[in-house]
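Architecture and fold: a report
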Amino acid sequence: MSEPTDTSHDNGTGRRPYGVGPAYPSRHTEFTSEPPPSRYAAAPAAAPAPVPGSASEPDATPSGGGSGAPRATPAPTAATAPTARDGSRSATQTEPSFTPGREFAVAEGVRDVGLVFIGASLTAGYGDPKGLGWVGRVVARTQHPDLDLTAYNLGVRGNTSGDVVARWGPESHPRWKGRAERRLVVSVGAGDVTSGMTMARSRLNLANVLDEATNTGIGVFVVGLTPTLDAELNRRIEALAEAQADVCARRGITYVDCFRPLVSHDQWMADLAASPDRVHPGQAGYGLVAWLVLHNGWNDWLALS
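Please read these numbers as outputs of a predicted model, since none were measured by experiment. (Residues numbered from 1 in each chain as written. Predicted model: local features only at pLDDT ≥ 70, side-chain atom pairs only at ≥ 80, totals over all residues. Heavy atoms only, no water.)

1. A closer look at the overall build of the protein chain
Scanning the protein chain from terminus to terminus reveals 10 helices and seven strands. Each of the 305 residues in the protein chain was classed as buried or not, and the buried ones make up 47%. The contacts of the protein chain with a sequence gap of at least 6 include a subset with a gap of at least 24, amounting to 81%. Of the roughly 13900 Å² that the protein chain leaves accessible, carbon and sulfur atoms contribute 52%. (Helix = DSSP H or I, 4+ residues; strand = E, 2+ residues; numbered from the N terminus. Buried < 20%, exposed > 50% of the residue type's maximum accessible area, 1.4 Å probe, protein only. Contact = heavy atoms within 4.5 Å. Areas by Shrake-Rupley, 256 points an atom, 1.4 Å probe, with all protein chains shown as cover.)

2. Observations concerning the packing of helix α5 (residues 199-215) against helix α6 (residues 231-251)
Interaxial distance between α5 and α6 falls to 10 Å at its minimum, and their mutual angle equals 30°. Handedness of the crossing formed by α5 with α6: right-handed. Of the residues in α6, those in contact with Met199, Ser202, Arg203, Leu206, Ala207, Leu210 and Asp211 of α5 are Ala239, Leu240, Ala243, Gln244, Asp246, Val247, Cys248, Arg250 and Arg251. For the contact of α5 with α6, a count of residues per class yields nine nonpolar, two polar and five charged. (Axes fitted to C-alpha atoms, helices over the stretch in contact; angles between N-to-C directions. Left-handed = near helix turned anticlockwise from the far one by under 90°. Nonpolar A, V, L, I, M, F, W, Y, C, P; charged D, E, K, R; others polar.)

3. A closer look at the environment of Ala284
Relative to the elements of secondary structure, Ala284 occurs in helix α9 (residues 283-294). The spatial distance from the C-alpha of Ala284 to the C-alpha of Trp134 is 9.9 Å, given a sequence separation of 150 residues.

4. Some remarks on the confidence of the model for the protein chain
When pLDDT is averaged along the protein chain, the result is 77, and 65% of the positions lie at 70 or above. Note that residues 1-93 has pLDDT below 50 and, in this model, 199 contacts with residues that lie over four places away or in other chains. Ignoring residues within four places in sequence, the model shows residues 97-102, a span with pLDDT below 50, making 28 contacts including any to other chains. (pLDDT = per-residue confidence, 0-100.)

5. Some points on α9
Each turn of an α-helix holds 3.6 residues, which means side chains three or four residues apart point in the same direction. Here α9 is 12 residues long and its end C-alpha atoms lie 16 Å apart, about the 16 Å a rise of 1.5 Å per residue gives. In terms of residue burial, α9 counts as a mostly covered element, since 11 of its 12 residues are buried. Listing the buried residues of α9 in full gives Ala284, Gly285, Tyr286, Gly287, Leu288, Val289, Ala290, Trp291, Leu292, Val293 and Leu294. (Expected span 1.5 Å × (residues − 1).)

See the structure below:
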């Protein structure tokens with residue numbers, strides 16, 4: 001069953017806005033002293049926080065489709081796609097439709113949370129001289145008196161979305177054993193672009209992970225693709241980033257747009273240019289990605305006030 005096309009938010013451009021990230025003009029990588037207020041707090045939610053240290057820039061409002069942090073609402077369940085003789089799903093299939101499945105509930109009091117990050121080299125933090133990557137920085141800023149957090153970084157350099165489809169379950173479920181609340185952060189896709197994987201296959205792979213996870217009561221959060229120094233490669237990355245945002249929007253899953261805020265960001269580009277392989281960022285670049293994650297739905301997704 002093919003998915004419906006929504007053109008209600010194309011702003012007259014023929015292209016839907018995507019992601020939840022604000023414009024990101026800063027040349028400064030320090031975090032603000034406190035994250036922005038959560039929508040779970042008593043006070044009304046504030047507009048996206050200005051980037052620390054930025055010049056006087058107009059505030060940007062989040063673009064549509066990327067919100068939808070898991071709350072105690074029915075989660076989607078994946079429909080079964082036909083399989084090929086080798087057991088893999090057909091690459092020509094459209095994304096599976098789904099119906100509400102298990103509910104994602106947040107317990108009262110101190111919560112025992114197992115948090116798994118899965119992806120490729122950027123998830124692993126490759127190239128960061130401090131060895132933290134964006135994942136380590138985000139986890140360090142996610143300490144809370146009501147959260148007994150156990151975090152696992154399952155980033156594997158060179159992985160594509162197909163690799164993540166194959167291993168997210170077998171590798172994540174042992175880490176979640178005994179945990180009352182299971183959460184999954186997915187960040188993958190650059191390998192799909194460089195390996196020549198079709199857009200349809202990449203999109204279907206992400207959809208399958210999201211649907212299978214949410215159908216078993218796992219909260220999911222998606223961190224988008226980052227730009228490179230190659231303009232032609234960036235064109236393909238942007239197209240996949242839009243597709244990933246659409247997959248998430250259809251499922252009410254939070255998607256953090258990292259491409260648009262960073263593609264013209266001087267410090268991000270300088271960090272890539274200074275790195276040994278000119279592909280992976282260093283300390284400053286990973287700090288920028290962490291800032292985007294922390295300020296675009298992270299606390300809402302974790303139900304932290």
